[in-house]
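# Chain and residue survey
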Amino acid sequence: MDMDVDEPTKVDQETQAKPIIVILMGAPGSGKSTFCEQVMGSSIRPWVRICQDTIKNGKAGTKAQCIESARSALREGKSVFIDRCNLEKEQRDEFVKLGGSGQVDVHAVVLDLPAKVCISRSVKRTGHEGNLQGGKAAAVVNRMLKKKELPKLSEGYGRITFCQNESDVESAVGTYSGLGPLDTLPHGTFGQKNPGAKVQLGIMKFLKKTENPANTESTSKKVQGSDASQITGEQNTSLKGTGLSAESDSMESKKDEQLVVGSSGTDVSLDDAPTLAFPSISTADFQFDLEMASDIIVEKVAEFVNKLGNARLVLVDLTHKSKILSLVRAKASQKNIDSNRFFTFVGDITKLHTKGGLRCNVIANAANWRLKPGGGGVNAAIFNAGGPALEVATKEQAKSLYPGNAVVVPLPSTSPLFCREGVTHVIHVLGPNMNPQRPNYLDNDYNKGRKVLQDTYNSLFECFASVVRTQKKVSKGSIENLQLKLSELEDHSESGPTNHSTNSYQKIKREDLHESERNKRSKGYQAEAENVSDTNTGKPNLKSDGSKNKSWGSWAQAIYNIAMHPDKQRDVVLEISDDVVVLNDLYPKAQKHLLVVARHPGLDRLADVCKEHIQLLRTMHAVGLKWAEKFLHDDSTLVFRLGYHSEPSMRQLYLHVISQDFNSAHLKNKKHWNSFNTAFFRDSGDVIEEVSSDGKAILNDDESLMSVELRCNRCRSAHPTIPKLKLHIGRCQASFPNTLLQNGRLVTAPSNSSTDP
């Protein structure tokens, strides 16, 4: 099967894709109208927004008018946004019925943002279409959220997307904006963190009320009794020629939903546990019998699934009509395997998170014996997606692979699979070959072939177990911490400089996971080393003064490695001295963004700085100032700020030299913006003064600073999304706030020094 797919799923060019009705759900101020505007402003798919506040010639109308307008637009082949609050099931049932004929895909997008965010927006806004603004808005939001009923697939939805922060919303906007007229999306529930939640935590505290949400007990019972068919990540697709295309047979889709294995008691979010995604081994190019292969998969899953804690196994194939998926689902269902722990998924194994919403920190590759790229299918797709970094890392672990064996390859942080998909490890496996045109042909000896395939899955699942155990050590036994690190990586992996044209960053220190390949003559599994150092376990070490050192993951070591060995990294270093190195941030958050990195060992972050480092801080400031002035000589309109993050994402003390335009495609979310435009960012001059007088710098490392509302760095006006903020910044002519104009916090061209920047 060809897994090297770069485009969204397409239907047959002669067939018009089904229109989509997207039922938006959220309290006033959650951003429903903004969501519609952003998608419709950039999508080439024909969309119609149905809003009850404006349905009657710009004035408020009725629900019936909304239903009729939606029905009319769908008949014309247009896709529809239902822009109403829709927080109660009864309020949205009539809209769901518009897809009852099977000719319309019914989606839900739940903008489940924190109550205080919705209230703050509603209170502050002006000119709202429904005139819900000012002081009355808070009580309305509170009342509506108390009646909230979250949607379920069993109500008739094909896809439900939950957005619980701005980053989730931006991701969903991107998903729907990218849909062309012939594109479809995977079916299933995506992004749900707490299926049983009825009223958001913190709303009563925010409004200073103490009453409990109604019907909490009954809601819990409903969740516990929910249909197992809601747990599905499958996309209704089939192969057409060389590309992927969607099937329009809704009856078959519903049939397969019932085949999802196990009997879960809850709706499952696909984000919360260590997960191995693996293809069916040896059943494609190696032509192993599907019935026998499905027996072995289910047998080995049943054997291992309860040994993996809360980790999950996911069998992946490209097509919804995959016979191996159908066989495995049916047989796993007969064995009552927990569907929270093992399920099937249709999609590209290299794009499970970005295209399917499924986060898998480990993926398996059906490799060739040489462990080389190429050959088509899964192997070619994974090596292509992993980039040169995966090929180099693989060579460091093993040169070849015997059938029945597996080898774990920790992914360097330079790999696109690591940065984009959150994949931390690839496990190469080699199964038995029943194809006479391929190496190691078994001459149709299925007795031997069955044993080799059993060994293959044993090796694969044991390797995954070793990754899970090691990552538990890294996160002090907490899988939640592991997932938090992967989530932070999406925000912060861009902070570290990387040069994809060289292998200089591919030598980053990795976890102490070694090749798990078993010798052909060995009957037992070669266990991984258990002696993991304190640095890798994530256990904080104590300094001599009793304070704690922070432990750094392998992905966070890139800047440290450059600072300690700059001569080996001359392709990315702009300046080297005894005290500092200067380099461009590979993912700059503005037109100009440099890092001045200290070369002194033991200075991992600002918290490590004391009085003895005061001269180093002054040197770093002087070097940063020199580079800012150099840029200003070339472009006098720029304005610069020099400073440190209170809690950096990468190891080694470094000073940001960043222009204040923030005009960069790499500035994508609220965390990026707030890390440079709240008290989290400490100005270099202030840090020098504090260390000089008090022996340490003030650290404003409260995580809540990362979630404050987006405000212009000049006029301080609030904006709901990054795109709207960027649009405003490009036009804002206001002076910077007085706090930034003091103490040399801003660096401008000499000609501007007498006026406000």
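Residues numbered from 1 in each chain as written. Predicted model: local features only at pLDDT ≥ 70, side-chain atom pairs only at ≥ 80, totals over all residues. Heavy atoms only, no water.

### Let's talk about the packing of helix α1 (residues 32–42) against helix α6 (residues 166–177)
The condition that has to hold: Lines fitted to C-alpha atoms define the axes here, with helix axes fitted over just the stretch in contact, and angles between the N-to-C directions of these axes take values from 0 to 180 degrees. Secondary structure elements follow DSSP: runs of H or I of four or more residues count as helices, runs of E of two or more count as strands, with numbering from the N terminus. Put simply, a crossing is left-handed when the front helix is turned counterclockwise from the back one by less than a right angle, and right-handed when it is turned clockwise. The contact criterion used throughout is that any non-hydrogen atoms of two residues lie within 4.5 Å.
Packing of α1 against α6 leaves a shortest axis separation of 9 Å and a crossing angle of 35 degrees. In this structure, α1 meets α6 at a crossing whose hand is right-handed. Of the residues in α6, those in contact with F35, Q38, V39 and S42 of α1 are V169, A172, V173, Y176 and S177.

### Quick notes on the packing of aromatic side chains
Note the threshold: Under the pairing criterion, centres of Phe, Tyr and Trp rings, with the six-membered ring standing for Trp, must be within 6.5 Å; the plane angle then separates stacked pairs below 30 degrees from edge-to-face pairs above 60, leaving the rest tilted. Whether a residue is buried, partly exposed or exposed follows from its accessible area with a 1.4 Å probe, protein chains only, as a fraction of its type maximum: under 20%, in between, or over 50%, in that order. Throughout this description, the term charge over a ring refers to an Arg CZ or Lys NZ atom that lies within 6 Å of the ring centre and within 35 degrees of the ring normal.
Enumeration over the complete set of coordinates arrives at 14 aromatic pairs. Plain terms: the ring middles of F288 and Y446 are 5.0 Å apart, the flat faces sit at 70 degrees to each other, and that makes the pair edge-to-face. Of this pair, F288 sits in the loop between β9 (275–279) and α10 (290–304) while Y446 sits in helix α15 (residues 446–474), placing them 158 residues apart in sequence. The exposure class of Y446 is partly exposed, given its relative accessible area of 22%. Seen in terms of ring centroids, W627 and F631 are 6.1 Å apart; in terms of plane orientation they differ by 50 degrees. Their pairing is tilted. Linking W627 with F631, this pair stays in helix α19 (residues 614–634), spanning four residues, or about one helical turn. Residues W627 and F631 agree in their burial class; the two are buried. Counting every residue linked through ring pairs, the aromatic cluster contains F35, W47, F81 and Y176. Seen from the ring of F304, K307 lies directly overhead, with NZ or CZ sitting 5.1 Å from the centre. R651 extends its terminal NZ or CZ atom over the ring of Y560, reaching a point 3.7 Å from the ring centre.

### Comments concerning the side chain of E575
Filter applied, for reference: In protein, a polar contact means a hydrogen-donor-capable atom and an acceptor-capable atom, both N or O and within 3.5 Å, with residues adjacent in sequence counting only if both atoms are side-chain atoms; elsewhere, any N or O pair within 3.5 Å suffices.
One can find E575 in strand β15 (residues 573–576). Assessed through its relative accessible area of 18%, E575 is described here as buried. In terms of polar contacts, E575 uses its side chain to reach the side chain of K626, at 3.0 Å. Residues within four places of E575 in sequence aside, it is in contact with V580, V581, V582, V623, K626 and W627.

### Section: the pattern of salt bridges
This is how it is decided: Salt bridges are defined as contacts in which a side-chain nitrogen from Lys or Arg sits within 4 Å of a carboxyl oxygen from Asp or Glu.
For the structure on display, the rule yields 25 salt bridges. Salt-bridge contacts for E94 lead to K97; the nearest nitrogen and oxygen are separated by 3.3 Å. When its relative accessible area of 33% is taken as the criterion, E94 is described as partly exposed. We note a salt bridge from R450 to E299, for which the minimum N-O separation is 3.7 Å. Of this pair, R450 sits in helix α15 while E299 sits in helix α10, and the two are 151 residues apart along the sequence. The class for E299 is partly exposed, based on a relative accessible area of 27%.

### Considerations on the environment of N743
For N743, the location among the structural elements is in the loop between α23 (738–741) and β23 (746–747). The class of N743 is partly exposed, set by a relative accessible area of 38%. For the pair N743 and D686, spaced 57 residues apart in sequence, the C-alpha separation works out to 7.8 Å. Other than its neighbours up to four places away in sequence, N743 contacts G685, D686 and E689. Here D686 takes part through its side chain, which lies 2.5 Å from a polar atom of the side chain of N743.

### Overview of the nonpolar core
For clarity, the threshold we go by: Here the nonpolar core consists of buried residues drawn from Ala, Val, Leu, Ile, Met, Phe, Trp, Tyr and Cys, with membership extended through side-chain atoms lying within 4.5 Å.
Core analysis: the largest hydrophobic core is formed by 39 residues, its most contacted members being L276, F278 and I427. Broken down by element, the residue count for this core peaks at nine residues, all from α15. Beyond its immediate sequence surroundings of up to four residues, F278 is in contact with I297, V301, L313, V314, L315, V316, F342, I349, A364, Y457, L460 and F461. Counting residues in each nonpolar core, the second largest holds 30 residues, with L616, A628, L653 and V657 among its members.

### Some points on helix α3 (residues 89–96)
Convention followed: Our arc is simply the arc of the directions from the helix axis toward the C-beta atoms.
Burial in α3 covers these residues: R92, F95 and V96. Viewed along the axis of α3, the buried residues span an arc of 95 degrees, placing them on a single side of the element. Buried residues belonging to α3 abut β1 (20–25), α2 (63–75), β3 (79–83) and β4 (105–111).

### Points about the environment of V173
With respect to the element layout, V173 can be found in helix α6. Since its relative accessible area comes to 9%, V173 is described here as buried. Once the C-alpha coordinates of V173 and S42 are considered, the two residues, 131 residues apart in sequence, prove to be 9.7 Å apart.

### Brief notes about the sheet that holds β4
Inclusion rule: Should DSSP find at least two bridges between two strands, the strands are regarded as paired.
Ordered in space as β2-β3-β1-β4-β5-β6, the six strands form an open sheet in which the pairing is parallel. Unpaired on one side and paired on the other, β2 (47–51) and β6 (188–190) mark the two borders of the sheet. If you compare each strand with its neighbour and ignore which way they point, the axes differ by 15 degrees on average. Two elements, β2 and β3, share five bridges in a ladder whose sense is parallel. Across the sheet, V48 pairs through a bridge with V80, a residue of β3. Of the strands in this sheet, β1, β2, β4 and β5 (159–163) are in contact with α6, which crosses β5 at around 145 degrees.

### What about the confidence of the model for the chain?
This is how the line gets drawn: Note: pLDDT gives the predictor's confidence per residue, expressed from 0 to 100.
Here the chain averages 77 in pLDDT, while 74% of its residues score no lower than 70. Confidence, expressed as mean pLDDT per element, reaches its minimum in the chain at strand β8 (residues 243–246) with 29 and its maximum at strand β19 (residues 654–659) with 97. Confidence over residues 1–15 falls short of pLDDT 50; this stretch has 50 contacts with residues more than four positions distant or in other chains.

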